[in-house]
Amino acid sequence: MTETNAFQMVVSRIDAICDRLNIKDVYRLRLEKCERELTVNFPVRMDDGTVKVFTGFRVHHNDTRGPAKGGLRYHPDVTLDETRALAALMTLKAAVVNIPFGGAKGAVVCNPELMSQAEIERMTRRYTNEISMLIGPDRDIPAPDIGTNPQVMAWMMDTYSMLKGHTVLAVVTGKPVGIGGSKGRLGATGRGCVINARLVAEHLGIGLEGATVAVQGFGNVGSVVARLLAREGSKVVAISDVKGGIYNEKGLDVEAVFRYNQQTGLVVDFKDAENITNTELLALPCDILVPAAIEDQIGKANAADVKARIIVEGANAPITPEADRILNNNRVLVVPDILANTGGVVVSYFEWVQDAQAFFWSEDEVNRQLQVVMDNAFHEVQEISQHEKLDMRNAAYMLAIKRIADAMEARGIFP
Ligand code: NAD
């Protein structure tokens, strides 16, 4: 469904806000390029004794406000262009929530579902070695994204530590809690989406209790969103993953769907629900739609079919710019990715701080601090949106770009 290349899509949005803010060309040009890009091709020994060469990337979009920060994606279709786009979104996210990071992203073109754990471990360790000149606790701190998890982060941390000759906890975030991970990190992105859903629903005077919800994607982000919203009393009517979706107008038993998914790896064919396609899910009548799967899910071909009142972007870039215009005309309120799904990077920041201090917080403390940061960011974006008469995406871009341009101005240009 891609209507334009992914990085260009982010650049066009940055460009529009730079025009409006009269941002100096010297800053605009820096935001419209990535600072640093590394492509690596490296061999991995597979279980059957053959050797396969994998391609990976690590991209730094901009590190003016602090060390670069961003996830690592394992996916068969991932490209350098997509990695650039995701790195740029990370720069913007860190600025929206005002944490001292720049933006980065990494990826390996692979299908982890077709690989053994031992193969994933060897690939992760070799990739970490290949990108080791770019990463480090004061330089660039990877975290999980699609296809990666706390175990992958543990292997990265261990490999980097072996190269340095001592344990370096803060080189990645999203690690297991026993080796410097933060409590609350695993569910943080989903929790942040729910905080945003509550704030925006209150703004529209509907509240979360009894609100009808559809969630696309049932991974780290989508499953947490669906479970937390169900606990808030929302009626989750539909859930999907890459293999298809399920629908029950009266509301799904989300905990039972979660258990079914753990046992079978599916959501389709769940009892007490009818099977639907992902396209049908996106067009369901509901109060809140949460795309929490992958990019480019709502484009110009299907944006007019969306019947939800609110969209909370759990995924990165699930809506194209063309679709944004259609949704705006149809008065669908979109909480953009660079605000909605920042819970993960915020708690990653907390993890990095805890690692640096070797002093760890309780889960309640993590969740409390997350709430404070997310509340502030939402209200700042909301205020700009009202004052400048902009949708929330453009308001969030405005807040971020202003902060980054101010930081560039303060630092000046070397030499
Ligand atoms: P994940 O791999 O845990 O889960 C992805 C889910 O999406 C799975 O249920 C998968 O089956 C489903 N999916 C994949 N392709 C699909 C398709 N074509 N149609 C429908 N469903 C599909 O990944 P995740 O960590 O939950 O990430 C989901 C999204 O959230 C991504 O866009 C990611 O960049 C974004 N995100 C994740 C985090 C994080 O902390 N994990 C933070 C910010 C943003």
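Residues numbered from 1 in each chain as written. Predicted model: local features only at pLDDT ≥ 70, side-chain atom pairs only at ≥ 80, totals over all residues. Heavy atoms only, no water.

### Points about the overall build of the protein
Thought 1: On a plain count of helices and strands, the protein comes out with 14 helices and twelve strands.
Thought 2: A compact globule built from 415 residues should have a C-alpha radius of gyration of about 22 Å, and the protein, at 20 Å, falls within 12% of that.
Thought 3: Based on the C-alpha atoms only, the size of the protein along its principal axes is roughly 55 × 55 × 40 Å.
Thought 4: Across the 415 residues of the protein, 59% fall into the buried class.
Thought 5: Taking the contacts inside the protein whose residues are at least 6 apart along the sequence as the reference set, 68% of them involve residues at least 24 apart.
Thought 6: Side-chain charges of the protein comprise 44 positive and 52 negative groups, with the mean position of each set lying 3 Å from the other. (Helix = DSSP H or I, 4+ residues; strand = E, 2+ residues; numbered from the N terminus. Rg over C-alpha atoms; globule rule 2.2 N^0.38 Å. Buried < 20%, exposed > 50% of the residue type's maximum accessible area, 1.4 Å probe, protein only. Contact = heavy atoms within 4.5 Å. Lys, Arg positive; Asp, Glu negative; His and termini not counted. Charge placed at Lys NZ, Arg CZ, Asp CG, Glu CD.)

### Remarks on the packing of helix 13 (residues 363–388) against helix 14 (residues 392–411)
Geometry of a packed helix pair, given as the angle between the helix axes and the separation of the axes.
Thought 1: Interaxial distance between helix 13 and helix 14 falls to 8 Å at its minimum, and their mutual angle equals 110 degrees. By the angle between their directions, the pair helix 13 and helix 14 is classed as roughly perpendicular. Together, Phe378, Glu380, Val381, Gln382, Ile384, Ser385 and Glu388 of helix 13 and Met392, Ala395, Ala396, Met398, Leu399 and Arg403 of helix 14 make up the contact between the two elements.
Thought 2: For the contact of helix 13 with helix 14, the class distribution of residues is eight nonpolar, two polar and three charged. (Axes fitted to C-alpha atoms, helices over the stretch in contact; angles between N-to-C directions. Parallel < 35°, antiparallel > 145°, perpendicular 65-115°, else oblique. Nonpolar A, V, L, I, M, F, W, Y, C, P; charged D, E, K, R; others polar.)

### Side note on the sheet that holds strand 1 (residues 36–45)
Thought 1: Across the sheet, five strands lie side by side as 1-2-4-3-5; this open sheet has mixed pairing. Both outer strands of the open sheet, strand 1 and strand 5 (140–144), are each paired with one neighbouring strand and no more. If you compare each strand with its neighbour and ignore which way they point, the axes differ by 25 degrees on average.
Thought 2: Note that strand 3 (residues 68–75) and strand 4 (residues 102–109) share six bridges and pair parallel. Of the residues in strand 4, the one forming a bridge with alanine 68 is glycine 102. (Pairing = 2+ DSSP bridges.)

### Quick word on the pattern of salt bridges
Thought 1: Evaluated as defined, the whole model comprises 29 salt bridges.
Thought 2: The shortest N-O distance in the salt bridge between arginine 73 and glutamate 82 comes to 2.8 Å. Of the two residues, arginine 73 and glutamate 82, both sit in the buried class.
Thought 3: Glutamate 255 serves as the salt-bridge partner of arginine 227, at 2.9 Å between the closest nitrogen and oxygen. Here glutamate 255 lies in helix 8 (residues 254–264) and arginine 227 lies in helix 7 (residues 220–231), a separation of 28 residues in the sequence. (Salt bridge = Lys/Arg side-chain N within 4 Å of Asp/Glu carboxyl O.)

### Overview of the domain arrangement of the protein
Thought 1: Split by domain assignment, the protein resolves into domain 1 (6–168) and domain 2 (188–340).
Thought 2: Distance from the C-alpha centre of domain 1 to the C-alpha centre of domain 2: 26 Å.
Thought 3: Taken residue by residue, the interface counts twelve residues in domain 1 and 13 residues in domain 2.
Thought 4: Summed over both sides, the interface between domain 1 and domain 2 buries roughly 1100 Å², with carbon and sulfur atoms accounting for 58% of that surface.
Thought 5: It is Met9, Arg13 and Lys93 that lose the most area in domain 1 upon contact with domain 2, and together they represent 42% of the buried surface on that side.
Thought 6: For the interface between domain 1 and domain 2, the tally reads two salt bridges.
Thought 7: Linking arginine 73 and glutamate 295 is a salt bridge whose minimum nitrogen-to-oxygen distance equals 2.9 Å.
Thought 8: Taken together, the connections running from domain 1 to domain 2 amount to four residue pairs in polar contact (both at pLDDT 80 or more).
Thought 9: Secondary-structure elements contributing two or more residues to the side of domain 1 that touches domain 2 are helix 1 (6–21) and helix 3 (80–96).
Thought 10: Among the elements that take part in the side of domain 1 that touches domain 2, helix 3 stands out by supplying six residues, more than any other. (Domains from an automatic or database assignment. Buried area = accessible area lost by both parts, 1.4 Å probe. Polar contact = N/O pair within 3.5 Å; in protein donor to acceptor, adjacent residues only side chain to side chain.)

### Overview of the side chain of serine 240
Thought 1: Structurally, the position occupied by serine 240 is in strand 7 (residues 235–241).
Thought 2: Residue class for serine 240 comes out buried when judged on its relative accessible area of 0%.
Thought 3: A distance of 2.6 Å separates the side chain of serine 240 from the side chain of asparagine 278, its partner in a polar contact.
Thought 4: Those residues in contact with serine 240 that sit more than four places away from it in its chain are Val215, Gln216, Gly217, Phe218, Gly245, Val267, Asn278 and Leu281.

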